[in-house]
Amino acid sequence: MVLRLSFLGPFAYPQPLGAWRSHPTNTSSNVDMMHEEILAAQRLILSEIRASPTRVREAEACARFDMARASQWLANVGALRS
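(A) Main features of the overall build of the chain. The secondary structure content of the chain amounts to three helices and zero strands. Ordered by position from the N terminus, the helices and strands of the chain form the series α-α-α. The buried share among the 82 residues of the chain stands at 12%. Considering only residue pairs separated by 6 or more positions, the chain has 56% of its internal contacts joining residues 24 or more positions apart.

This is how it looks when you write it as structure tokens:
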């Protein structure tokens, strides 16, 4: 739903949408798998809304950039815990 809404325009939430905890067997520890799942979900939504090929490329580039930033943040958090 959030992905679909994001294509209609900006929106905000009055409070955080979620939280998570970390442990050694977290799925989120598998960054490559998480990246692929995010891109797959994005492609599905873009297909449903019949996005142009240009919009699909732009969205994928933004997602990859955001994932790279998130990966860096996760690496830093891991370093802080060591």
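(B) Focus on helix α2 (residues 31-48). Compared with the 26 Å implied by 1.5 Å per residue over 18 residues, the 26 Å span of α2 between its first and last C-alpha is a close match. Within the span of α2, buried status applies to His-35, Leu-39, Gln-42, Ile-45 and Leu-46. End-on, the buried residues of α2 take up no more than an arc of 125°, which puts them together on one face. Positive phi appears at Arg-50, one or two residues downstream of α2, with a value of about 55°.

(C) Structural detail: unusual backbone geometry. If you check the backbone angles, Arg-50 has positive phi at about 55° while not being a glycine. Within the secondary structure layout, Arg-50 lies in the loop between α2 and α3 (53-81). Owing to a relative accessible area of 75%, Arg-50 belongs among the exposed residues under this scheme.

(D) Inspection of the confidence of the model for the chain at higher detail. When pLDDT is averaged across the chain, the result is 77; 73% of the residues are at 70 or more. Ranking the elements of the chain by mean pLDDT puts helix α1 (residues 2-6) last, at 69, and α2 first, at 86.

(E) Examining the pattern of salt bridges more closely. Within the structure shown, the criterion is met by three salt bridges. One salt bridge in this structure joins Arg-64 and Glu-60, with 3.3 Å as the shortest N-O distance. Taken as a pair, Arg-64 and Glu-60 lie in helix α3 at a separation of four residues, close to a single helical turn. Look at Arg-64 and you get partly exposed, because its relative accessible area is 42%. Of the charged contacts in the structure, one is a salt bridge between Asp-66 and Arg-69, with a shortest N-O distance of 3.5 Å. With Asp-66 and Arg-69 both in helix α3 and three residues apart, this pair spans about one turn of that helix. The exposure class assigned to Asp-66 is partly exposed, which follows from its relative accessible area of 40%. The class of Arg-69 is exposed, set by a relative accessible area of 51%. Bridged by salt links that share partners, the residues Arg-43, Glu-60 and Arg-64 form one connected network.

What counts as what
Residues numbered from 1 in each chain as written. Predicted model: local features only at pLDDT ≥ 70, side-chain atom pairs only at ≥ 80, totals over all residues. Heavy atoms only, no water. Helix = DSSP H or I, 4+ residues; strand = E, 2+ residues; numbered from the N terminus. Buried < 20%, exposed > 50% of the residue type's maximum accessible area, 1.4 Å probe, protein only. Contact = heavy atoms within 4.5 Å. Expected span 1.5 Å × (residues − 1). Arc of directions from axis to C-beta. pLDDT = per-residue confidence, 0-100. Salt bridge = Lys/Arg side-chain N within 4 Å of Asp/Glu carboxyl O.

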